[in-house]
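# Structure assessment
Spelled out, the chains give:
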Amino acid sequence: MKIGCPKEIKPQEFRVGMTPNAAQEAVARGHEVIIETGAGLGSGFDNDAYVAAGARIVDTAEEVFATADMIVKVKEPQAVERKMLREGQLLFTYLHLAPDPEQTHDLLASGCTAIAYETVTDSNGGLPLLAPMSEVAGRLAPQVGSWTLQKANGGRGVLMGGVPGVGPAKVVVVGGGVVGTHAAQVAAGMGADVTVLDRSLPRLRYLDDVFGGRFKNQYSTAGATAELIQSADMVIGAVLIPGAAAPKLITREQLSTMKPGAVLVDVAIDQGGCFETSKATTHADPIYEVDGIMHYCVANMPGAVARTSTIALGNATMPFMLALADKGWKQACQDDPHLLAGLNVHAGQLTYYAVGKALGIDVVSPAMVVKA
Ligand SMILES: NC(=O)c1ccc[n+]([C@@H]2O[C@H](COP(=O)([O-])OP(=O)(O)OC[C@H]3O[C@@H](n4cnc5c(N)ncnc54)[C@H](O)[C@@H]3O)[C@@H](O)[C@H]2O)c1
């Protein structure tokens, strides 16, 4: 199969869909890999690294799209890229179609087959191609939060781990899923006093079993949150209710009960944010203050550490990418129901129910499509 990887063109996107290591694996199986010149530079991979892996470098995205049977990317195709997709071509990338009718209509019109990273599943009920980015954002949250806590940045001037004779920062993590667990691990590793709140008792049992000695956990109620935030130096928002906007767990009124200069890091901002006063910010201008409380609300946190994020994403996507290349999308989806769960669009038909419901478009069963 001819596998093409264009340079990402969405603003502030430095990741790339294929690492040189992934390219090498594909080439070793007899596939041809075509990379747009400079596609890996934002993640620290130059053209030479891809050439050494056996890939071919081309000058333009047009050449990648015109030549490849499968396009592997990171972000949803932008309007100019969607115009280059063609009937029968396979697209493997993040799509997030439900809030994006324009993209959905363009993909349907192109006749391509599109498999979305974010809806591929695993046997534990997880989302294996979303998890790496949650891991990155979670581990980054205490890092950016501790920077924001510094006095010159508007914070309380508290050191995460304290020093002998001075206690550590108090960190509350709301939501103990993938983001929350990784945030708690890093905050605890920095020496902070960490409490994780979650609504799921099985999840709290798991956290207690695995991390019991390193951080505390508590059942999440409005009362527990209200009490804990009063003494917190940092609160990390990491909740998710699948398919719904994030619930607002700290109101503007409650900010006055917090310590001046305390920090809110709202990782759930990509789902609307879980604090009433959150509004999305960018890496160029990541923090702002409301009523004396500092807020960090960057919606694409993994972009700050593009190299780590690219490699982490590549590790997760590679087995699926290779299966698609080796077998073709139909056979690969017949063999793996978790990959089939990623099928969103095929030959002008929508194949993902939640997207159809959100956009009022008829949906064809993905199982029927792969059998046809
Ligand atoms: N900003 C970014 O760059 C970025 C990057 C990755 C993920 N995210 C976002 O981070 C959020 C968390 O993602 P995740 O992968 O950890 O999800 P997850 O499903 O693994 O975890 C979410 C957790 O929230 C818990 N929860 C739900 N309601 C709660 C409540 N009221 N109180 C306490 N806990 C509650 C759930 O029980 C679950 O354990 C999502 O909104 C995701 O989109 C943002």
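Description of the structure in this document. Model, not experiment: these values are computed from the prediction.

Here we come to the pairing of strand S12 (residues 287-290). Where S12 lies against strand S13 (residues 293-296), four bridges are found, and the strand directions are antiparallel. Its bridge partner being in S13, Glu289 is matched across the sheet by Met294. Taking the residues that link successive antiparallel strands as the turn, the S12-S13 hairpin has two residues, and the phi of Asp291 there is positive, at about 50°.

On to the site of the ligand. The full set close to the ligand counts 27 residues, and Ser134, Val179, Asp198, Asp270 and Met301 are the nearest of them. A distance of 3.3 Å is found between an oxygen atom of the ligand and a backbone nitrogen or oxygen belonging to Leu240. Contact distances for the ligand include 3.2 Å between a nitrogen atom and a backbone N or O atom of Val298. Protein contact buries 85% of the 870 Å² of open area that the ligand shows by itself. Where the shell around the ligand is concerned, the elements lending two or more residues are helix H6 (131-149), helix H7 (178-189) and strand S8 (193-198). Top contributing element to the shell around the ligand by residue count: H6, with three residues.

On to the packing of H6 against H7. One way to put it is that H6 packs onto H7 with a least axis distance of 7 Å and a crossing angle of 35°. Remark: the crossing between H6 and H7 carries right-handed chirality. On H7, the residues that touch Ala131, Ser134, Glu135, Gly138, Arg139, Ala141 and Pro142 of H6 are Val178, Val179, His182, Ala183, Gln185, Val186 and Ala187.

Definitions and limits used
- Residues numbered from 1 in each chain as written.
- Predicted model: local features only at pLDDT ≥ 70, side-chain atom pairs only at ≥ 80, totals over all residues.
- Heavy atoms only, no water.
- Pairing = 2+ DSSP bridges.
- Helix = DSSP H or I, 4+ residues; strand = E, 2+ residues; numbered from the N terminus.
- Near = heavy atom within 4 Å.
- Polar contact = N/O pair within 3.5 Å; in protein donor to acceptor, adjacent residues only side chain to side chain.
- Areas by Shrake-Rupley, 256 points an atom, 1.4 Å probe, with all protein chains shown as cover.
- Axes fitted to C-alpha atoms, helices over the stretch in contact; angles between N-to-C directions.
- Left-handed = near helix turned anticlockwise from the far one by under 90°.
- Contact = heavy atoms within 4.5 Å.

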